[in-house]
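This is what each chain is made of:
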Amino acid sequence: MKKLTPQSEWIARANRVLPAGGFGNFDPGIIIARGQGSRVWDEDGKEYVDYLIGSGPMLLGHGHPEVMEAVFEQLPNGMTFFANNTKGIELAEAVVEAVPCCEQVRFVTSGGEADMYAIRLARAYTGRDKILKFEGGYHGMSAEAQMSLAPTQRVNFPQAVPDSAGIPQSVADKMLISPFNDLAAVEALLAEHSDVAAIIVEPLQRIIPAEPGYLQGLRSLCDRHQVLLIFDEIVTGFRLAYGGAQERYGVTPDICTLGKIIGGGFPLAALGASAEIMQHFDKSIVGADNWLMQLGTLSGNPVAAAAGLKTMEVLRQDGSYDRLRAIGKALQQMQSDALAEVGVAHQICGDDTLYDIYFTDTPCRDFRSAKHDVPQLNETYNAVLRAHGIFKSPGKLYPSLAITEEDLEQSKKAFLAAAAAVQDI
């Protein structure tokens, strides 16, 4: 009988106690043992350049010394209190200073939770029930967010298709679905439906960029129809720029959600808006009927807040975002050159700070066009990258500030090998 490796033994143990053998997030066939800087190691000791970075939060890399010092300084003073604490208040001040739409914030533990409360807040403020979201847009795990996230069947817009069991039809009835990057479709829906509370949108939808003028157009339509605009900046906040997509694109939403980077690798997220909108969290102002109840055991806990504060301080240093974009550009160019050399059609889709490849020669502008002509190309490409020590999602590549010249050189060799592997498929 073949002896199990440490990793295969852990996989067997996971299969006994975890549904589908995993946490529901990533490939359960790999067990990460540790991370340091730009690298992670699996339980068998194999080393990888990490372009998954925890699905985004580790923008400074693993175990950044200044973040570690801030966390170690806080730990002896308490890990969580279910009460106000100075680190949480300082983090709120830093977010309000950085993010254009935020006059006040409320902390939660996850990005999906923040998006759920943002939708509820929009309904409370407007007194309307319907929410418009975009096909393929990801906003967490709430019932509303699981509408037309990745529908396997194409239906006519604006019909909502649930992506999960256990969601009642009544939720779908309150959701309108539109194609991304199509202002005319949004305008028609708002003209037809007068009971829309908000439009929720990722300013960079997964990795699909908004076309020039699109976000500005959404802002104008929301103003015209007195609909709130929600930017889901869980991914883009403090990544596309220090002030997020709002700063990068020059469009200010009514409400935004933030996560990942503001927790510095710990569970923390937030939603923010003007004081007028946020007053619905204050029963003494709006009264019991208009009050939005919100609480969470770990919301604003001081360890996560300390890590987030230090992460944001490092990101404010001169040149941080220029360097991040330079790393992203270099990685994109390496991949594009490697694939062009072997004649494989592809599109680089996304931003310098977050992107991936679609194996197609068709421009990717919405959920239905952003796809691989031959899915096996993507599967093979990513498998070869993994074999050559590149750790990434099958659909995203996150550059980080921890990436070194050595990492870039290893990545280039892996990209060349992966391009060669897909050449004849």
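One structure accompanies this document, and this report is about it. (Residues numbered from 1 in each chain as written. Predicted model: local features only at pLDDT ≥ 70, side-chain atom pairs only at ≥ 80, totals over all residues. Heavy atoms only, no water.)

**Comments concerning unusual backbone geometry**
Here is the rule we go by: Only DSSP runs of H or I with at least four residues qualify as helices, and only runs of E with at least two residues qualify as strands; both kinds are numbered from the N terminus onward. For the exposure calls, accessible area comes from a 1.4 Å probe over protein chains only, and a residue counts as buried if that area is under 20% of its type's maximum, exposed if over 50%, partly exposed in between.
Put simply, F157 and P158 share a cis peptide bond, and its omega is 10 degrees. Its place among the elements puts P158 in the loop between β5 (130–134) and α5 (169–172). Positive phi outside glycine occurs at I53, with the angle close to 40 degrees. Among the secondary structure elements, I53 is positioned in the loop between β3 (47–50) and α2 (65–74). For I53, a relative accessible area of 1% puts it in the buried group.

**Describing a nonpolar patch on the surface**
Formally: Surface patches are defined over residues having more than 30% relative accessible area and no salt bridge, joining like charges when they lie within 9 Å and nonpolar side chains (Val, Leu, Ile, Met, Phe, Trp, Tyr) when within 5 Å. The Shrake-Rupley method, run with a 1.4 Å probe, gives the accessible areas here. Residue values count only the displayed protein chains as cover. For salt bridges, the criterion is a side-chain nitrogen of Lys or Arg within 4 Å of an Asp or Glu carboxyl oxygen.
Side chains of M68, F72, L75 and M79 sit close together on the surface and give an oily, nonpolar patch of about 400 Å² of accessible area. Exposure remark for M79: the relative accessible area of 58% places this residue in the exposed category.

**Points about the sheet that holds strand β2 (residues 39–42)**
Note the cut-off: Two strands are said to pair when DSSP picks up at least two bridges between them.
Strand order in the open sheet formed by four strands is β1-β2-β3-β15, and the pairing between neighbours is mixed. The open sheet has two free edges, formed respectively by β1 (32–36) and β15 (390–391), since each of these has just one partner strand. Alignment of β2 against β3, held across three bridges, turns out to be antiparallel. Across the sheet, residue W41 finds its bridge partner in β3, namely E47.

**Side note on the environment of G264**
Topologically, G264 is positioned in the loop between β11 (255–258) and β12 (269–273). For the pair G264 and G319, spaced 55 residues apart in sequence, the C-alpha to C-alpha distance is 19 Å.

**Description of the side chain of D232**
To keep it simple, the criterion reads: In this charge count, Lys and Arg are treated as positive and Asp and Glu as negative; neither His nor the chain ends contribute. Nitrogen and oxygen atoms within 3.5 Å of one another constitute a polar contact, given that in protein one can donate a hydrogen and the other can accept it, and given that sequence-neighbouring residues count only through two side-chain atoms. Between two residues, a contact is recorded if the distance between any of their heavy atoms is within 4.5 Å.
With respect to the helices and strands, the residue D232 is situated in strand β10 (residues 228–233). The charged side chain of D232 is buried without a salt bridge, its nearest counter-charge being R206 at 7.3 Å. Side-chain polar atoms of D232 contact the backbone nitrogen of I234, separated by 3.1 Å. Of the polar contacts made by the side chain of D232, one reaches the side chain of T257; its length is 3.4 Å. The residues contacting D232, other than those within four sequence positions of it, are D115, Y138, H139, V201, E202, P203 and T257.

**Structural notes on the environment of W291**
Summarising the element assignment, W291 is placed in the loop between α10 (283–286) and α11 (302–315). Put simply, W291 and E192 are 99 residues apart on the chain and 29 Å apart in space, counted from C-alpha to C-alpha. Beyond its immediate chain neighbours, meaning those up to four positions away, W291 contacts H280, F281, D282, K283 and V286.

**Observations regarding the packing of helix α3 (residues 86–98) against α11**
What counts, and what does not: Axis definition: a line fit to C-alpha positions, over the contact stretch in the case of helices; interaxial angles, taken between N-to-C directions, run 0 to 180 degrees. Crossing chirality is assigned from the near helix's rotation relative to the far helix, an anticlockwise turn below a right angle marking it left-handed and a clockwise turn marking it right-handed. Gly falls in the polar group here, along with every residue not listed as nonpolar (Ala, Val, Leu, Ile, Met, Phe, Trp, Tyr, Cys, Pro) or charged (Asp, Glu, Lys, Arg).
As a packed pair, α3 and α11 sit with axes 8 Å apart at the nearest point and diverge in direction by 35 degrees. Both α3 and α11 take part in a crossing whose hand is left-handed. Of α11, the residues touching α3 (which contributes K87, G88, E90, L91, A94 and V95) are P302, A305, A306, G308, L309 and M312. For the contact of α3 with α11, the class distribution of residues is eight nonpolar, two polar and two charged.

**With respect to the pattern of salt bridges**
For the coordinates displayed, the defined rule picks out 17 salt bridges. Residue D223 is joined to R219 by a salt bridge in which the shortest nitrogen-to-oxygen separation is 2.8 Å. Placement of the pair is D223 and R219 together in helix α7 (residues 214–225), with a separation of four residues, close to one helical turn. Here D223 falls in the partly exposed class, since its relative accessible area comes to 49%. On the basis of relative accessible area, R219 is assigned to the buried category, the value being 14%. Across the pair E313 and K310 runs a salt bridge, and its minimum N-O distance is 3.2 Å. Highlighted residues: E313 and K310, both in helix α11, separated by three residues, approximately one helical turn. One salt-bridge network, held together by shared partners, links R325, K329, D351 and D352.

**Considerations on the pairing of β10**
Most of β10 is tucked away: six of the six residues are buried. Across the two faces of β10 the burial is the same, with L228, I230 and D232 and L229, F231 and E233 all buried. One ladder, built from four bridges, connects strand β7 (residues 196–201) with β10; its direction is parallel. Of the residues in β10, the one forming a bridge with A198 is L228.

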